[in-house]
Structures are given as C-alpha cells and as structure tokens.
Amino acid sequence: MSDTIFHKIIRREIPATIVFEDEHVIAFRDIAPQAPVHVLFVPKETIPTLNDVQPEQAAIVGRLAVAAADYAKREGFADDGYRIVMNCNAHGGQTVFQIHLHLLAGAPLGHFG
Ligand code: AMP
C-alpha cells in the first residue's frame, strides 16, 4: 500500500491545520501557501495519481470539488472566486502521490490557461 505524508495527516501522525473532514475527505492548509488561501482536499481512499482513478471511483474526485466549493461558500469567497488545481506526475509537478485538489483563493490569481 502506498503511504504518503497525507496518509500520516489523515491518521493524525503528523500535525496539520485541518479545516474540514467527513467520512470521505480531509482538507487542511498547505504548508507552503501559494495564495492567501491555499487548502488541500484529499480523499481518504488511497489513489496515487489521477491516472489511477477508476470509473467507479469518479465520485471520489467529485467529492473533492464539492467539498472545496462548499468551503469557499462557508468562508465567504465563493462569489469573488477561486482556482482548483490537481497536479499529475512529473510534468504536472505532483510531489505527493495521493491525489489532492489545491484550492487557491483570497486574491486575483491572474489568468491561467
Ligand atoms: P503537489 O505538488 O500537487 O503534489 O502538492 C503537494 C502539496 O503538499 C504542496 O503544495 C506542498 O506544499 C504540500 N505539503 C507537503 N507537505 C505538507 C504538509 N505536511 N502539510 C501541508 N501541506 C503539505
């Protein structure tokens, strides 16, 4: 089984600033924020990269997006807007091999794409 720093956060073996958790998802502040708000949404089920998501696991990815949007609404920046990013493998810049969705917000982020 792959084990990452995010699994250790899920198991409370290392500290993190957890801002949301339910049965399927945990969310915590990124240790090296790239925007005023930078939160990572991570599924509890082990999936190393987006390439590994099976069709029957599509809801897991969907839950990350819904959890991020709900967080943005609760925190009051949903209308101003935000960006979600998921990196995959070397060219995508993925460094932790448990899928996660970055939520970036709190300032204009500039055009991307
Ligand atoms: P990625 O490059 O997409 O794999 O993103 C991994 C992210 O995890 C980076 O933005 C790191 O800053 C962040 N990160 C690494 N270790 C920790 C940690 N212990 N707590 C919170 N965020 C972390």
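The preceding data block contains the structure.
**Quick notes on the site of the ligand**
Near the ligand lie 16 residues; those nearest to it are D30, N87, T95, H100 and H102. In the environment of the ligand, an oxygen atom lies 2.5 Å from a nitrogen or oxygen atom belonging to the side chain of D30. One of the side-chain N or O atoms of H100 is found 2.9 Å from an oxygen atom in the ligand. Here the ligand, which alone exposes 510 Å², has 85% of that area covered by the protein. Going through the elements one at a time, helix 1 (5–10) and strand 2 (25–29) are the ones with two or more residues in the shell around the ligand. Its residues placed into classes, the shell around the ligand shows eight nonpolar, six polar and two charged.

**Some words on the packing of aromatic side chains**
Following the criterion strictly, the structure yields four aromatic pairs and no others. Seen from their ring centres, F41 and Y71 are 6.1 Å apart, and the 70° between their planes marks the pair as edge-to-face. Pair noted here: F41 is in strand 3 (residues 37–43) and Y71 is in helix 2 (residues 58–75), with a separation of 30 residues, a long-range link. By relative accessible area, which is 0% here, F41 ends up buried. Pairing Y71 with F77 gives two aromatic rings, centres 6.2 Å apart and planes at 70°, and the pair type is edge-to-face.

**Focus: the pattern of salt bridges**
A full pass over the atoms with the stated rule returns five salt bridges. A salt bridge links D3 to K8; its shortest N-O distance comes to 3.5 Å. Under the relative-accessibility criterion, D3 is labelled partly exposed at 38%. Judged by relative accessible area, K8 falls into the partly exposed class, the value being 30%. Note that R12 is salt-bridged to E21, the shortest N-O span being 2.6 Å. By relative accessible area, which is 48% here, R12 ends up partly exposed. The class of E21 is partly exposed, set by a relative accessible area of 32%. Three or more residues joined by partner-sharing salt bridges are found here, namely D3, K8, R11 and E13.

**Topic: unusual backbone geometry**
Trans peptide bonds make up the majority, and among non-glycine residues the majority have a negative phi. The phi dihedral of R12 is positive, around 65°, even though this residue is not glycine. When you line up the elements, R12 lands in the loop between helix 1 and strand 1 (18–21). The backbone phi angle of N89 is positive, close to 60°, even though this residue is not glycine. Inspection of the secondary structure puts N89 in helix 3 (residues 89–92).

The rules behind the values
Residues numbered from 1 in each chain as written. Predicted model: local features only at pLDDT ≥ 70, side-chain atom pairs only at ≥ 80, totals over all residues. Heavy atoms only, no water. Near = heavy atom within 4 Å. Polar contact = N/O pair within 3.5 Å; in protein donor to acceptor, adjacent residues only side chain to side chain. Areas by Shrake-Rupley, 256 points an atom, 1.4 Å probe, with all protein chains shown as cover. Helix = DSSP H or I, 4+ residues; strand = E, 2+ residues; numbered from the N terminus. Nonpolar A, V, L, I, M, F, W, Y, C, P; charged D, E, K, R; others polar. Phe/Tyr/Trp six-rings, centres within 6.5 Å; stacked < 30°, edge-to-face > 60°. Buried < 20%, exposed > 50% of the residue type's maximum accessible area, 1.4 Å probe, protein only. Salt bridge = Lys/Arg side-chain N within 4 Å of Asp/Glu carboxyl O.

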